[in-house]
Amino acid sequence: MHGGPLIVSDVMTHTVAAIGRGASFKEIVRMMQDWKASALPVLEGEGRVVGVVSEADLLPKEGVRDGEPDLIESGTAGSGTDDSEASSESSPFARLHGHTPLAKADAVTAGDLMTAPAVTVRADATLAQAARTMARARVKRLPVVDDVGMLEGIVSRGDLLKVFLRGDEEIAEEVRRVLGSYCPAPLSAVSVAVEDGVVTLGGHLEDTSLVPVVARLARAVEGVVDVEFDLADEAAGTA
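Just so you know, these numbers come straight off a predicted model, no measurement behind them.

### Considerations on the overall build of the protein
Thought 1: Of the regular secondary structure elements, the protein holds 12 helices and 10 strands.
Thought 2: In the protein, 58% of the contacts between residues at least 6 apart in sequence involve partners at least 24 apart.
Thought 3: Accessible surface for the protein amounts to roughly 12,100 Å². Of this, 53% is attributable to carbon and sulfur atoms.

And the structure:
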């Protein structure tokens, strides 16, 4: 574990299943089953990511079997949700590009099924940046690309959560280092204890105006779940 914030390349999966624009519907389903993946990047050329095909993109084809296309057209089946790996298909952007659920029910290749452009992340992005991108786009994973859009890997929600597997002592050591490098003299009497990722800062802090600053510094350490204070001059509580 390096001293700075973790970045996407520290936790991403480097071996990734991907498909070309011409991949057939059945090829896509088979690859998803074989790789136990709910979404696949779509590549062109030597590996540039041009879109993503998710399970949500495939479901409309099954949804039309009951003869109720109105439900498909309205976005009831296969609409982009938090379970999707791509942008919401019911969004104005998707409809503008002909990516309505009914259109996807007729699609038979990855090029027609995919949501494009793909939502991606760079390998040098911090985990916090990747998490914000996932939340905004409502996706479970992101293709990782280089500066020209070439596929380098994939990062999932589970990958981002790996930081919370750090040991308590490792977290405590980094919190002490961060606090000490920020303001060693005023914080020298502050003790650091960590249990299940919760940091407790105790001891004595003469300048209580530093409490919010200290809390932010501690919370910025990878793997910290919460920060609490048990200071001699400050009532115990949660920051």
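Next comes the rest of the write-up.
### Some remarks on the nonpolar core
Thought 1: Counting 22 residues, the largest nonpolar core has Val175, Val192, Val199, Leu201 and Phe229 as the members making the most contacts within it.
Thought 2: Looking at which element gives the most residues to this core, the answer is helix α10 (residues 168-182), with five residues.
Thought 3: In this structure, Val199 is in contact with Ile171, Val175, Val192, Ala193, Val194, Val224, Asp226, Val227 and Glu228, ignoring residues within four places of it in sequence.

### Things to note about the sheet that holds strand β4 (residues 121-122)
Pairing between the strands of a sheet is mediated by backbone hydrogen bonds and can be parallel or antiparallel.
Thought 1: The strand order across the open sheet built from three strands is β4-β5-β6, with neighbouring strands paired in mixed fashion. Two strands lie at the open edges of the sheet, namely β4 and β6 (151-156), each paired on one side alone.
Thought 2: Bridging between β4 and strand β5 (residues 141-145) involves two bridges; their strand directions are parallel. Across the sheet, the residue bridging to Val121 is Val144, located in β5.
Thought 3: Of the strands in this sheet, β4, β5 and β6 are in contact with helix α8 (residues 127-137), which crosses β5 at around 125°.

### What to know about the pattern of salt bridges
A side chain of one charge can pair with a side chain of the opposite charge when the charged atoms of the two come close.
Thought 1: Tallied over the full model, the rule gives eight salt bridges.
Thought 2: One salt bridge in this structure joins Arg176 and Glu169, with 3.3 Å as the shortest N-O distance.
Thought 3: Its relative accessible area of 38% is what places Arg176 among the partly exposed residues.
Thought 4: For Glu169, a relative accessible area of 45% puts it in the partly exposed group.
Thought 5: Several salt bridges converge on common partners, so that one network encompasses Arg166, Glu170, Glu174 and Arg177.

### Structural notes on α8
Along an α-helix, residues three or four apart share an orientation, since each turn contains 3.6 residues.
Thought 1: Here α8 has its buried residues at Leu127, Ala130, Thr133, Met134 and Ala137. Down the axis, α8 shows its buried residues gathered within 120° of arc, on one side only. Projecting away from the buried face of α8 at angles above 90 degrees are the exposed residues Ala135 and Arg136.
Thought 2: Downstream of α8 by a residue or two, Arg138 has a phi angle that is positive, lying close to 55°.

### Concerning the side chain of Glu174
Thought 1: If you trace the backbone, Glu174 turns up in helix α10.
Thought 2: Separated by 2.8 Å, the side chains of Glu174 and Arg166 make a polar contact.

### Overview of unusual backbone geometry
Thought 1: For the bond from Ala116 to Pro117, the omega torsion is -5°, close enough to zero to count as cis.
Thought 2: For Pro117, the location among the structural elements is in the loop between α7 (110-113) and β4.
Thought 3: Although it is not a glycine, Lys36 sits at a positive phi angle of roughly 50°.
Thought 4: Of note in this structure, Arg138 is not a glycine but carries a positive phi near 55°.
Thought 5: Judged by relative accessible area, Arg138 falls into the partly exposed class, the value being 35%.

### Quick look at the packing of aromatic side chains
Thought 1: Tallying each qualifying case throughout the model produces zero aromatic pairs.
Thought 2: Between Lys61 and the ring centre of Phe25, over which it is positioned, the NZ or CZ distance is 5.3 Å.

### Some points on the confidence of the model for the protein
For residues with low pLDDT, the predicted coordinates do not support detailed interpretation.
Thought 1: Counting all residues, the mean pLDDT for the protein is 84, and 79% of those residues have values of 70 or more.
Thought 2: Of the regions scoring below 50 in pLDDT, residues 76-84 engages in 23 contacts with residues more than four places distant in sequence or in other chains.
Thought 3: Across residues 86-98 the pLDDT falls below 50, and counting only partners more than four positions away or on other chains, this stretch makes 31 contacts in the model.

### Observations concerning the packing of α10 against helix α12 (residues 211-219)
Thought 1: Contact pair α10 / α12: the axes reach a minimum separation of 9 Å and the direction vectors enclose 135°. By the criterion of interaxial angle, the relationship of α10 to α12 is oblique. For the pair α10 and α12, the crossing hand works out as right-handed. For the pair α10 and α12, contact is made by Val175, Val178, Leu179 and Tyr182 and by Val213, Val214, Leu217 and Ala218, respectively.

Analysis parameters
Residues numbered from 1 in each chain as written. Predicted model: local features only at pLDDT ≥ 70, side-chain atom pairs only at ≥ 80, totals over all residues. Heavy atoms only, no water. Helix = DSSP H or I, 4+ residues; strand = E, 2+ residues; numbered from the N terminus. Contact = heavy atoms within 4.5 Å. Areas by Shrake-Rupley, 256 points an atom, 1.4 Å probe, with all protein chains shown as cover. Core = buried A, V, L, I, M, F, W, Y, C linked by side-chain atoms within 4.5 Å. Buried < 20%, exposed > 50% of the residue type's maximum accessible area, 1.4 Å probe, protein only. Pairing = 2+ DSSP bridges. Axes fitted to C-alpha atoms, helices over the stretch in contact; angles between N-to-C directions. Salt bridge = Lys/Arg side-chain N within 4 Å of Asp/Glu carboxyl O. Arc of directions from axis to C-beta. Polar contact = N/O pair within 3.5 Å; in protein donor to acceptor, adjacent residues only side chain to side chain. Phe/Tyr/Trp six-rings, centres within 6.5 Å; stacked < 30°, edge-to-face > 60°. Lys NZ or Arg CZ within 6 Å of the ring centre and 35° of its normal. pLDDT = per-residue confidence, 0-100. Parallel < 35°, antiparallel > 145°, perpendicular 65-115°, else oblique. Left-handed = near helix turned anticlockwise from the far one by under 90°.

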